[in-house]
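Fold and geometry: a report
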Amino acid sequence: MLSLDYKKELIGFCIQSLQQKEAELQIELDDTMKIANDYGPQKDRYDGFRNQQMRKIEMHTVQIHAVQSDIREFLQINTEHVSNSVKLGSLFSTSDQTILVATGLGKVEFKGDSIFVISPKVPFYEALKGLKQGEVGDFRGKKIPINEVV
């Protein structure tokens, strides 16, 4: 049985997980920057080690920005009212799974349940968008009943 409180806790859990991931990435970024700084300036134009460290710094920075963007997506979800249809911010169940539409985190284990956190950009969401509780959607030839929407 899905409830608004369950949805709030799930969103809080997802935000907390993302913040932990951001902190881990920041530690990796700081470590990589320290290694690059300890190595000193570039020895020549084709200094492979220094270039590798700079690419790692750039990669970690991009990953941190992506995680921060995901956190902002969760923070924009209105947790004060129940959704009456499948849309961004909806938590809904089908006969096979429970899904939160927010950002593409994938499968999340929460309170002993497997919840799939999906992006509104995926085809599965597009197939079920706008459906209400009791309605049936079609995804790749399979009927998907919407059991509950919160």
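In this report, we go over the structure that sits alongside the text. Bear in mind that the values here come from a model prediction, so they are computed numbers and not experimental data.

Phi is positive for Lys111, close to 55°, though the residue is something other than glycine. In this structure, Arg140 is a non-glycine residue whose phi angle is positive, near 55°. Relative to the helices and strands, Arg140 is located in the loop between β5 (136–139) and β6 (142–145).

Most often, soluble globular proteins keep nonpolar side chains buried together rather than apart. Grouped together as the largest cluster of nonpolar side chains are 25 residues, with contacts concentrated most on Leu10, Phe74, Leu91, Leu100, Ile115 and Val117. Of all elements in the fold, only α1 (4–39), α2 (48–75), β3 (106–110) and β4 (113–118) reach the threshold of two or more residues within this core. In terms of residue count, the dominant contributor to this core is α1 (10 residues). When near neighbours in sequence (up to four residues on either side) are disregarded, Val117 contacts Cys14, Phe74, Leu100, Ala102, Thr103, Gly104, Leu105, Gly106 and Val108. With 13 residues, the next largest nonpolar core counts Phe92, Ile99, Ile118 and Phe139 among its residues.

The subject of this paragraph is the pattern of salt bridges. Counting across every chain of the model gives seven salt bridges. A salt bridge links Glu80 to Lys8, with the shortest nitrogen-to-oxygen separation between them at 3.8 Å. Within this pair, whereas Glu80 is found in the loop between α2 and β1 (91–93), its partner Lys8 is found in helix α1, the two being separated by 72 residues in sequence. Ionic pairing is found between Asp138 and Lys143, a salt bridge with its closest N-O pair at 3.8 Å.

Let's shift gears to the packing of aromatic side chains. In this structure the tally under the stated criterion is four aromatic pairs. Taken together, a centroid distance of 5.3 Å and an interplanar angle of 65° make the contact between Tyr6 and Phe110 edge-to-face. With a gap of 104 residues between them, Tyr6 in helix α1 and Phe110 in strand β3 connect regions that are remote in the sequence. Like Tyr6, the residue Phe110 is buried in the burial classification. Plain terms: the ring middles of Phe13 and Phe110 are 5.3 Å apart, the flat faces sit at 45° to each other, and that makes the pair tilted. Highlighted residues: Phe13 in helix α1 and Phe110 in strand β3, separated in sequence by 97 residues. The partly exposed category is assigned to Phe13, whose relative accessible area is 29%. The exposure class assigned to Phe110 is buried, which follows from its relative accessible area of 6%.

With that out of the way, let us pick up the pairing of β4. Where strand β2 (residues 98–101) meets β4, four bridges bridge the pair, whose relative direction is parallel. What sits directly across from Ile99, in β4, is Phe116. Here β3 pairs with β4 via five bridges, running antiparallel. Residue pairing for β4: Phe110 is matched across the bridge by Asp113. The antiparallel hairpin formed by β3 and β4 contains two residues in its connecting segment, where Lys111 sits at a positive phi of about 55°.

Helix length check: α2 (28 residues) gives 41 Å between terminal C-alpha atoms against 40 Å at 1.5 Å per residue, within 8%. Within α2, burial applies to Arg50, Gln53, Ile57, His60, Ile64, Val67, Asp70, Ile71 and Phe74.

What follows covers the side chain of Asp70. With respect to the helices, strands and loops of the structure, Asp70 is situated in helix α2. This buried residue, Asp70, is left without a salt bridge; Lys21 holds the nearest opposite charge, at 6.3 Å. At a separation of 2.8 Å, a polar atom in the side chain of Asp70 contacts the side chain of Thr103. In this structure Asp70 touches Leu18 and Thr103, once residues within four positions along its chain are discounted.

Parameters at a glance
- Residues numbered from 1 in each chain as written.
- Predicted model: local features only at pLDDT ≥ 70, side-chain atom pairs only at ≥ 80, totals over all residues.
- Heavy atoms only, no water.
- Helix = DSSP H or I, 4+ residues; strand = E, 2+ residues; numbered from the N terminus.
- Core = buried A, V, L, I, M, F, W, Y, C linked by side-chain atoms within 4.5 Å.
- Buried < 20%, exposed > 50% of the residue type's maximum accessible area, 1.4 Å probe, protein only.
- Contact = heavy atoms within 4.5 Å.
- Salt bridge = Lys/Arg side-chain N within 4 Å of Asp/Glu carboxyl O.
- Phe/Tyr/Trp six-rings, centres within 6.5 Å; stacked < 30°, edge-to-face > 60°.
- Pairing = 2+ DSSP bridges.
- Expected span 1.5 Å × (residues − 1).
- Lys, Arg positive; Asp, Glu negative; His and termini not counted.
- Polar contact = N/O pair within 3.5 Å; in protein donor to acceptor, adjacent residues only side chain to side chain.

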